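Each chain is listed here by its residues.
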Amino acid sequence: MVEQNPISQFEIHEVAPLEIAGFNLAFTNSAFFMLLATVSVTLLMALATNKRALVPGRGQSIAEILYGFVADMVRSSAGNEGLRFFPFVFTLFIFILAGNMFGMFPYFPLGIEGIAWHGFTITSHIIVTLTLSMMVMAIVVGFGVYKNGFKFLKLFVPAGVPPILYAIVTPIEVISFLSRPISLSVRLFANMLAGHILLKVFAGFIIMLASAGAAWGIVGVLPFFMVVGLTALEFLVAFLQAYVFAILTCIYLNDALHPAH
Amino acid sequence: MMSNRDQPDRSNPEDQLAEFEKRLSAKIESRNAEDRKYDRPKQGWAIGMRYGTEFMVGVLVGAAVGFLIDSLFDTSPFGLLIGTLLGFGAGTVNVVRAAKELSERAKRDQ
C-alpha cells in the first residue's frame, strides 16, 4: 500500500536489533543507506581504477573526472597547500553525493516489517549532516591550532580595524565562526528534507485525485507533471548541495591554513 | 620527413612535454570556460539558500550564545539582547563574506 503521510519516509526503522550494555545499537535503515553509499562508492572506485589504463575506459573516466572535479575545487579555494585535505574533501563529497542520490531511488527491498519497498535519504536527518560538519570544524580548529598555534586566533581579530571596534568585531567574528557548522549542516538537511516532503505531497495529490472518483482522475495529470519536474529538480539539488558542502569545506579549510584573511 | 613520423624527435623530451602540457592546459581552460557558461544559472537556487541560511544561522547562534551567557552568569535578559544584536551583525558578515566569495569565483571563472 502506498504510504500517504509525507513525513513517514524519514522514520528510522530497525533492520537488525542489537543492544550492547543498555545502548540500542540496532542496524537501522539509516545505517543501511550509509553502508550502501560507502560500499558502492568504494566498489565503484576500486573497480574503475584497478586497470590503471593509460587510455581510460568508461569507468576509469568517471573516476578521473570525479578526481579532477574535486581536486580543482580544493585547489581553487584552498590553494595547492589545501591538497593535503583532498582525501577528506573527496570522501565527504562522494559520501554526501551517494547518500543524496540513493535517497532519490525509493525501492530498496529492506527487511522491515510491514514495508515492502523502502527509500531513505541519510542527509535528511540533521544528526547526520551535523556530524559531518562537526568533523569539518574539528579538522579546521585542530589543524589550524597545530599549524599556526596562537596565530590561529587572528581569525577573530581581523587586521585594519580601529582598536575600539574590536569590542564589537571580535564577538561578531566568534559568532560568525560558531555559525559555520550549523549553517553547513542545516542547509544540506533542510534542502533534502524539504525536497522529499514536496515530492511526497505532490505524489499524494495524484493518489487522492485518482481515488476521488469521477473525472477527478484526469485532473491528477497536473500534479503528475509537477512530480516529474520536481524529481529532476531534486536530482539537481542532490548534486548541488553535495557540491556546496564540499566547496564550503574547502573555504573553511583555507582559514585553517591561512588564518589572517 | 616520412621516416621521422615513426620515430618522433626525442632530442629534448622535457621541452616537448612542457610544450604539450601548455597546449593541453590552454585547451582545457577554454573548454571549461565554455562549459561554465551553461551551468551558471542553475545555481541560483543554491545561492539563494546559501544567503538565507547564512543570515538566519548567524542570528540564531548569536541568540543562543547570549542565552547561554544569561543562564551561566545570571545576567538575564542582557546577554540575550546583546547576543541577538551581535548575531544580526554576524549574520550580515556571513552574507557579505558569501557574496564576496561568490563574486570572486564568478570573476575567476570568466
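Rules used in this analysis
Residues numbered from 1 in each chain as written. Chains lettered and ligands numbered in written order. Predicted model: local features only at pLDDT ≥ 70, side-chain atom pairs only at ≥ 80, totals over all residues. Helix = DSSP H or I, 4+ residues; strand = E, 2+ residues; numbered from the N terminus. Buried ≥ 20, exposed ≤ 12 C-beta atoms within 10 Å, placed from the backbone. Contact = placed C-beta atoms within 7 Å. pLDDT = per-residue confidence, 0-100. Expected span 1.5 Å × (residues − 1). Nonpolar A, V, L, I, M, F, W, Y, C, P; charged D, E, K, R; others polar. Arc of directions from axis to C-beta. Axes fitted to C-alpha atoms, helices over the stretch in contact; angles between N-to-C directions. Parallel < 35°, antiparallel > 145°, perpendicular 65-115°, else oblique. Left-handed = near helix turned anticlockwise from the far one by under 90°. Core = buried A, V, L, I, M, F, W, Y, C linked by C-beta atoms within 7 Å.

> Could you clarify how one ought to interpret the overall build of chain A in this entry?
When its secondary structure is counted, chain A shows seven helices and four strands. When the elements of chain A are put in sequence order from the N terminus, they spell out β-β-β-β-α-α-α-α-α-α-α. Overall, chain A is about 75 × 55 × 45 Å in size when its C-alpha atoms are taken along their principal axes. Looking at chain A residue by residue over its 261 residues, the buried ones come to 29%. Residue pairs in contact within chain A that sit at least 24 positions apart in sequence constitute 62% of those at least 6 positions apart.

> I keep staring at the confidence of the model for chain B and nothing clicks. Help me out?
Reading predicted coordinates in detail is not appropriate for stretches of low pLDDT. In this model, chain B carries a mean pLDDT of 82, and residues with pLDDT of at least 70 account for 82%. Listed scores for the predicted complex are pTM 0.81 and ipTM 0.75.

> So what exactly am I meant to see when it comes to helix α4 (residues 126–148) of chain A here?
Side chains of residues three or four places apart in an α-helix project in the same direction, reflecting 3.6 residues per turn. Residues and elements named next belong to chain A. Between its first and last C-alpha atoms α4 spans 32 Å; for 23 residues at 1.5 Å apiece the expected length is 33 Å, and the two agree. Within α4 the residues assigned to the buried category are Val128, Thr129, Leu132, Ser133, Val136, Val140 and Gly144. In the core, the buried residues of α4 are packed alongside α3 (86–103), α5 (166–211) and α7 (221–257). Directly after α4, the chain includes glycine 149, whose backbone phi takes a positive value near 65°.

> Hey, could you run me through the interface of chain A and chain B in this one?
Often, the extent of an interface is quoted as the loss of accessible area upon association of its parts. Between chain A and chain B, the contact holds 15 residues from the first and 19 residues from the second. If you list the elements that add at least two residues to the side of chain A that touches chain B, you get α5 and α7 of chain A. Of all the elements, α5(A) adds the most residues to the side of chain A that touches chain B, at eleven residues. Split by residue class, the side of chain A that touches chain B holds ten nonpolar, four polar and one charged.

> Can you walk me through helix α1 (residues 29–49) of chain A in this structure?
Residue and element names in this part refer to chain A. Compared with the 30 Å implied by 1.5 Å per residue over 21 residues, the 30 Å span of α1 between its first and last C-alpha is a close match. The set of residues buried in α1 consists of Asn29, Ser30, Phe32, Phe33 and Ala37. Taken around the axis of α1, the buried residues stretch over an arc of 160°, which confines them to a single face. When the buried face of α1 is taken as reference, the exposed residues oriented beyond 90 degrees from it are Leu35, Val39, Thr42, Leu43 and Ala46. In this structure, the buried residues of α1 make contact with β1 (14–16), β4 (27–28) and α3.

> Teacher, can you tell me more about unusual backbone geometry here?
Glycine aside, negative phi is the norm for most residues, and most peptide bonds take the trans geometry. Following Ser76(B), the chain continues into Pro77(B) via a peptide bond in cis, with omega recorded as 5°. If you trace the backbone, Pro77(B) turns up in the loop between α3 (44–73) and α4 (78–109). A positive phi angle, close to 50°, is found at Ala21(A), a residue other than glycine. Along the chain, Ala21(A) falls in the loop between β2 (19–20) and β3 (23–24). Looking at Ala21(A), the number of C-beta atoms within 10 Å reads 5, which means it is exposed. Unusually for a residue other than glycine, Asp74(B) sits at a positive phi of about 60°. Here Asp74(B) lies in the loop between α3 and α4. Exposure remark for Asp74(B): the 8 C-beta atoms within 10 Å place this residue in the exposed category.

> What exactly am I supposed to notice about the packing of helix α2 (residues 58–78) of chain A against α3(A) here?
For any two helices packed against each other, the geometry comes down to the angle between their axes and how far apart the axes lie. All names here are of chain A. For the pair α2 and α3, interaxial distance at closest approach is 10 Å and the crossing angle is 120°. Regarding the angle of α2 to α3, the classification is oblique. Between α2 and α3 lies a crossing whose hand is right-handed. Contact residues: Leu66, Val70, Ala71 and Val74 in α2; Phe86, Val89, Phe90, Phe93 and Ile94 in α3. Across the contact of α2 with α3, the residue classes break down as nine nonpolar, no polar and no charged.

> Looking at this model, I keep getting lost on the nonpolar core. Mind explaining?
The tendency in soluble globular proteins is for nonpolar side chains to be buried side by side. Val89(A), Leu92(A), Phe93(A), Phe245(A), Ala246(A) and Cys250(A) are the most contacted members of the largest nonpolar core, which totals 49 residues. When residues of this core are traced back to their parent elements, those giving at least two are α1, α2, α3, α4, α5 and α7 of chain A together with α3 and α4 of chain B. Looking at this core element by element, the count peaks at twelve residues for α7(A). Residue contacts for Leu92(A): discarding those within four places in its chain leaves Leu132(A), Phe245(A), Ala246(A) and Thr249(A).

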